[in-house]
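As a plain string of letters, each chain reads:
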Amino acid sequence: MRHVRLLAAVVAARFRGPLTVEEESKLTFRVWPTDVDVSIANHAAVLTVMETGRIDFMIRTGFFGLARSHHWYFPLRTLRVLYLRPLKMLEKAELTTGIVHADDDGIYIRHAIRRDGKDVALALAKGAVKHGRDRVPLDRIASELGIRRWPRFEGDAADLLEREERWLRESPG
């Protein structure tokens, strides 16, 4: 069913208005019976919903078409998810997706799933645009998409994600 959700996101995004990199994508979704383990949405289903948000965002900003024409791809390097509340079968929720920061180290995307105005799951994903093994420079992407300024955040969220990534790489086992 994951593929059905992703395909539906691709089709639906083409009928929605364009976005800039400073804006957020908002999608409403329901928890399908195939998304639950026993009675709540499983982690894989939540991550798939977040992936649909990234797809919607990439299509509506024009990045998806640009990436296809240049054979670029956007692999995630790090994903930090905070699960706060469960989603039950057939519940309706809203996903918000947007770029919160971009620098030479990567593009940071924030996801927020909310139900009835309350946070259900929050995530910070880091990825980079690649062509083969090479990273595509942000200034090239900006130039081709007409981006004047990438979003930037103040504080240490990027540092925290970097420290977690370093710890995972260096920890024994």
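What comes next is a walk through the structure.

Cut-offs used in this document
The numbers attached to residues start from 1 for each chain and follow its sequence in the written order. Restriction of local features to residues with pLDDT of at least 70 applies here, the model being predicted, together with a cutoff of 80 or more for giving and counting side-chain atom pairs; totals for whole chains, interfaces and linings are based on all residues. No hydrogens and no water enter the side-chain calculation; it runs on all heavy atoms of the structure. Points on a 1 Å grid, built from protein atoms alone, make a cavity when a 1.4 Å probe fits but cannot get out and make a pocket when they are open with protein on both sides within 12 Å along at least 5 of 7 lines; residues with an atom within 4 Å of a point are the lining residues. Grid points are joined across faces, edges and corners, and a volume is the space filled by probe spheres set on the points. By definition, any uninterrupted DSSP run of H or I lasting at least four residues is a helix, any uninterrupted run of E lasting at least two residues is a strand, and each is numbered from the N terminus. Put simply, Ala, Val, Leu, Ile, Met, Phe, Trp, Tyr, Cys and Pro go in the nonpolar bin, Asp, Glu, Lys and Arg in the charged bin, and everything else, Gly too, in the polar bin. Pairing between strands requires that DSSP locate at least two bridges from one strand to the other. Whenever a helix is involved, its axis is fitted only over the stretch in contact; in every case the axis is a line through C-alpha atoms, and angles between N-to-C directions fall within 0 to 180 degrees. Contacts were defined at the residue level, with two residues in contact if any of their heavy atoms lie within 4.5 Å.

**With respect to empty space enclosed by the protein**
- Evaluated as defined, the whole model comprises two cavities of 30 Å³ or more.
- Quantified by volume, the largest cavity comes out at close to 130 Å³.
- What lines the largest cavity is a set of 13 residues, and nearest its centre among them are Phe57, Met58, Phe63, Ile99 and Ile107.
- Secondary structure elements with two or more residues in the lining of the largest cavity: α2 (43-61), β6 (106-115) and α4 (138-145).
- Looking at the lining of the largest cavity element by element, the count peaks at three residues for α2.
- Its residues assigned to classes, the lining of the largest cavity shows 12 nonpolar, one polar and no charged.
- If you add up the space inside the second largest cavity, you get close to 50 Å³.

**What about the sheet that holds β6?**
- The antiparallel open sheet is built from five strands, whose spatial order is β1-β5-β6-β7-β4. Two strands bound the open sheet, and with one partner strand each, they are β1 (25-30) and β4 (76-83). Sheet twist, expressed as the average angle between the axes of neighbouring strands with direction ignored, equals 20 degrees.
- Bridge count for β1 against strand β5 (residues 92-103) is six bridges, and the pairing is antiparallel. Paired with Lys26 across the two strands is Thr96, which belongs to β5.
- Each of β1, β4, β5, β6 and β7 (118-127) touches α2; the most contacted strand, β5, lies at about 60 degrees to it.

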